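Below, each chain spelled out in residue letters.
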Amino acid sequence: MTGVISLLPEGRHGLLVPPLGLSEDVDSYLTVGGYAPLVAPQRLLDRIAAVGLRGRGGAGFPTAVKLRAVRDAPGPRVVVANGEEGEPGSVKDRWLLRHRPHVVLDGLRLAAAMTGAERGFVYLSDAPAERAVRRALAECAPELRVDVVRTEHTYVAGEETAVVRRINGGPALPTAKPPRPFESGVGGAPTLVANVETLARLAVMYSRPDEADAVAGSHLVTLSGPGGGAALVEVPAGTHLKVLADLSGHGRADAVLLGGLFGGLYGEEWTDLPLGHDSLNAVGGALGCGALHFLGPEDCPVAVAVEAAAYLGAQSARQCGVCVSGTGALAKALSAVARGEAGYDTVEKLRRWSRQLPGRGACGLLDAAARIGATLLDRFPDQVDAHRGACCPACSDAASEDGRRFVVPVP
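About the cut-offs
Residues numbered from 1 in each chain as written. Predicted model: local features only at pLDDT ≥ 70, side-chain atom pairs only at ≥ 80, totals over all residues. Heavy atoms only, no water. UniProt positions renumbered as here; feature names shortened; annotations may be inferred. Helix = DSSP H or I, 4+ residues; strand = E, 2+ residues; numbered from the N terminus. Contact = heavy atoms within 4.5 Å. Core = buried A, V, L, I, M, F, W, Y, C linked by side-chain atoms within 4.5 Å. Buried < 20%, exposed > 50% of the residue type's maximum accessible area, 1.4 Å probe, protein only. Expected span 1.5 Å × (residues − 1). Polar contact = N/O pair within 3.5 Å; in protein donor to acceptor, adjacent residues only side chain to side chain. Axes fitted to C-alpha atoms, helices over the stretch in contact; angles between N-to-C directions. Parallel < 35°, antiparallel > 145°, perpendicular 65-115°, else oblique. Nonpolar A, V, L, I, M, F, W, Y, C, P; charged D, E, K, R; others polar. Phe/Tyr/Trp six-rings, centres within 6.5 Å; stacked < 30°, edge-to-face > 60°. Lys NZ or Arg CZ within 6 Å of the ring centre and 35° of its normal. Pairing = 2+ DSSP bridges.

- In UniProt, the chain has this text filed under Sequence similarities (unreviewed entry): "Belongs to the complex I 51 kDa subunit family."

**Observations regarding the side chain of S90**
Then comes step 1: With respect to the helices and strands, the residue S90 is situated in the loop between β2 (78–82) and α4 (92–99).
Then comes step 2: S90 has contacts with E85, T222, C289 and A291, leaving out every residue within four places of it along the chain.

**Considering the nonpolar core**
Then comes step 1: Counting residues in each nonpolar core, the largest one holds 55 residues, and the members touching the most others are I48, V79, L96, L97, L108, M114 and V122.
Then comes step 2: What L108 contacts, discounting residues up to four positions off in sequence, is V79, V80, A81, G120, F121, V122, L144, V146 and L199.
Then comes step 3: Core analysis: the next-biggest nonpolar cluster, separate from the first, contains 43 residues, A303, A309, L330 and A370 among them.

**As for helix α6 (residues 127–140)**
Then comes step 1: Its 14 residues give α6 an end-to-end C-alpha distance of 20 Å, which sits within 8% of 20 Å, the value for a rise of 1.5 Å per residue.
Then comes step 2: For α6, the elements touching its buried residues are α1 (26–31), α4, α5 (101–115), β3 (119–124) and β4 (145–150).
Then comes step 3: Two or three places before A129, at the opening of α6, D126 has a side-chain oxygen 3.0 Å from that residue's backbone nitrogen.
Then comes step 4: Where α6 ends, the next residue or the one after it, A141, has phi of about 45 degrees, a positive value.

**Quick notes on the packing of α5 against helix α8 (residues 196–207)**
Then comes step 1: Remark: α5 packs on α8, axes separated minimally by 7 Å, with the N-to-C direction vectors making an angle of 80 degrees. One finds that α5 runs roughly perpendicular with respect to α8. Note on element contacts: α8 touches α5 through V196, L199, A200, L202, A203, V204 and Y206, opposite V103, V104, D106, G107, L108, R109, L110, A111 and M114.
Then comes step 2: Of the residues that constitute the contact of α5 with α8, the class distribution is 13 nonpolar, 1 polar and 2 charged.

**Regarding the packing of aromatic side chains**
Then comes step 1: Across all of its chains, the model carries 3 aromatic pairs by this definition.
Then comes step 2: Judged by centre distance (6.3 Å) and plane angle (85 degrees), the rings of Y155 and Y311 are edge-to-face. Remark: Y311 occurs in helix α12 (residues 301–315) and Y155 occurs in the loop between β4 and α7 (160–167); sequence separation between them is 156 residues. Residue Y155 shares its accessibility class with Y311, and that shared class is buried.
Then comes step 3: Between the NZ or CZ atom of R371 and the centre of the ring of F262, over which it lies, the distance is 5.1 Å.

**Some thoughts on the sheet that holds strand β10 (residues 291–295)**
Then comes step 1: The strand order across the open sheet formed by 6 strands is β1-β7-β6-β10-β8-β9, and the pairing between neighbours is mixed. The open sheet is flanked by β1 (3–6) and β9 (264–266), the only strands paired with a single partner. The sheet shows a mean angle of 25 degrees between the axes of neighbouring strands, taken without regard to direction.
Then comes step 2: One ladder, built from 4 bridges, connects β1 with strand β7 (residues 231–236); its direction is parallel. Looking at the pairing, G3 lines up with A231 of β7.
Then comes step 3: Most of the contacts of α8 go to strand β6 (residues 218–224), to which it runs at about 145 degrees, and overall it touches β6 and β7.
Then comes step 4: Running over the sheet, helix α15 (residues 365–379) touches β8 (255–258) and β9 and is turned about 20 degrees from β9.

Below you can see the structure in the form of structure tokens.
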């Protein structure tokens, strides 16, 4: 099955509302309780904390903590809806901005009310999304001043310090931390950078307070893989990955690449994994942006790792020496494995680098490349050993740096 699908229980309100190909207008959004009058925004913040809503941009950081950090900072404040999807296998943010711009703008309005912000931005790279957002702003004339900032699409352009740097007029490249945006962001003001799905969930929680727990516990996930369909699906947390694989035509998959390129590879017993930040972290993976790429019986995990590492290396901001050298070394070592040229020393270097490099770059790109290497070695040792002295057909066809294996079109 392909397209846009909701697996939420009947009667539960989710984010995948408009028919395919349509963009929700302001009148339709008002009929579902959108743009409700602002009453006691602190109460909403308390509810967000109580239900444990976590950010949907990748790191899964508690949303209430970020909101309070900006609220408690001195001076004028800024809120940013971050719609720049760096992961090639994710489509949820662009879909929301194209089809449900009002629910994102409503969430941005609520975030401003909770933090005391006087200015907002929508940050994106997708042209259809930009048109939809500008049309929505013209329809609703929000009390919050909102500007739209377009950037070039890259893997790192959505990292929060890159977002701030671009809005401030610079390149969309990460900066060293501290300071973080909540300390000094757009124009030097304390800034909340929030993923658009996170903001959309704020809006639904405000209009449907009785469903706050369920809204906070649901996720938009992008499913893809060769030989099957690609789908954007809204699911309750705890849904087993096997259910999602069957739904999108990947029920025969032998493995899965978790969290876009950030969560690593998982092989044996992947079918029993429940979707969620904590459940995937517990097995050394990560939900990330909610993108799942399934590997069928004909797919070689070594080839997938090679393509992922090569793409990440090509997407490096080239600002951190350790990232440039680290991603390059990882990609080179993985390529040697794929070609059947890696001896014991190469594999051991790959293992050592995969453990030592995380946390040493300005953003998560190096961490993603290291996790790809580590999970390949830890979970697919037999396949790695089988490449000693021989290159398999799947690896001989592996692409170098374009990442096209992982790209999913927006439905």
